[in-house]
Amino acid sequence: MSFPYSRHTDHMRLAVRLTPNAGRNAVEGIETSAAGEAYLKARVTAVPEDGKANKALILLLADTLRLPKSSISIVSGETARKKILRIDGDPEDLEKKLKKLLET
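Note that this is a predicted model, so its numbers are computed, not measured. (Residues numbered from 1 in each chain as written. Predicted model: local features only at pLDDT ≥ 70, side-chain atom pairs only at ≥ 80, totals over all residues. Heavy atoms only, no water.)

**Looking at the overall build of the chain**
Short version of the rule: Secondary structure elements follow DSSP: runs of H or I no shorter than four residues count as helices, runs of E no shorter than two count as strands, and numbering proceeds from the N terminus. Each radius of gyration reported is based on C-alpha atoms, and the globular scaling rule is 2.2 Å times the count of residues to the power 0.38.
The helix and strand tally for the chain stands at 2 helices and 6 strands. If you list the helices and strands of the chain from N to C, you get β-β-β-β-α-β-β-α. Against the 2.2 N^0.38 benchmark of 13 Å for 104 residues, the chain shows a C-alpha radius of gyration of 13 Å, consistent with a compact globule. Each of the three principal axes of the chain carries a C-alpha extent, and together these read 35 × 30 × 25 Å.

**Some words on the nonpolar core**
The line we're drawing: Take the buried Ala, Val, Leu, Ile, Met, Phe, Trp, Tyr and Cys residues and link them wherever side-chain atoms come within 4.5 Å; each set so joined is a nonpolar core. Burial classification: accessible surface area is computed with a 1.4 Å probe over protein chains only, and a residue below 20% of its type maximum counts as buried, one above 50% as exposed, and the rest as partly exposed. Two residues qualify as a contact provided that any one of their heavy atoms is within 4.5 Å of a heavy atom in the partner residue.
L14 and L85 are the most contacted members of the largest nonpolar core, which has 26 residues in total. Among the elements of the structure, β2 (11-19), β4 (38-43), α1 (52-65), β5 (72-76), β6 (82-88) and α2 (91-103) are those that each provide at least two residues to this core. The element that contributes the greatest number of residues to this core is α1, accounting for 8 residues. Those residues in contact with L14 that sit more than four places away from it in its chain are P4, Y5, L40, L61, K83, I84, L85, I87 and L98.

**Digging into the side chain of H11**
Just so we agree on the cut-off: Polar contact criterion, stated in full: a pair of N or O atoms within 3.5 Å, where within protein one must be able to donate a hydrogen and the other to accept it, and residues adjacent in sequence count only if both atoms are side-chain atoms.
The topology assignment puts H11 in strand β2. At a separation of 3.2 Å, a polar atom in the side chain of H11 contacts the side chain of R13. Contact partners of H11, with chain neighbours within four places excluded, come to S6, R86, I87, D88, G89 and P91.

**A closer look at the packing of aromatic side chains**
Worth spelling out the cut-off: Think of it this way: a Phe, Tyr or Trp ring, Trp meaning its six-membered ring, pairs with another when their centres are within 6.5 Å, and the plane angle makes it stacked under 30 degrees, edge-to-face over 60, tilted otherwise.
All told, the structure shown has 1 aromatic pair when counted by the stated rule. Judged by centre distance (5.4 Å) and plane angle (25 degrees), the ring pair of F3 and Y5 falls under stacked. Given a relative accessible area of 11%, Y5 falls into the buried group.

**Here's the deal with the pattern of salt bridges**
Oppositely charged side chains can pair when the atoms bearing their charge come close. Just so we agree on the cut-off: What makes a salt bridge here is a side-chain nitrogen of Lys or Arg within 4 Å of a carboxyl oxygen of Asp or Glu, nothing more.
Under the counting rule described, the total for this entry stands at 7 salt bridges. Close ionic contact of R7 with E95 constitutes a salt bridge, the shortest N to O distance being 2.5 Å. Residue R7 is found in strand β1 (residues 5-7), and its partner E95 is found in helix α2; the two are separated by 88 residues along the sequence. Taking the relative accessible area as the measure of exposure, E95 reaches 15% and is therefore buried. The partner of R86 in a salt bridge is D88, and the shortest N-O contact between them spans 2.6 Å. Under the relative-accessibility criterion, D88 is labelled partly exposed at 30%. The network of salt bridges with common partners includes R7, E95 and K99.

Structural data, given as structure tokens:
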């Protein structure tokens, strides 16, 4: 199984496919695109306007991974469903948290 993240020296990059305007906020495991790229599936109740859904996504991941909101930022895909997030911190520690999240 491929994972939707990559390790760097001082951070992780996480590929996310976001569904805004959902019935609840949730992280729903991994989805693989037709091209074979892995994404973390996430849904938020926020609407996709004025960055509300992006803020909700960052809050959801910060809460889920027990990280400060300030350690998560959007690298690309600001207005798209598919986004690349940067999560600052110790890559080894972050990878453990992500794997634990993805196993549930």
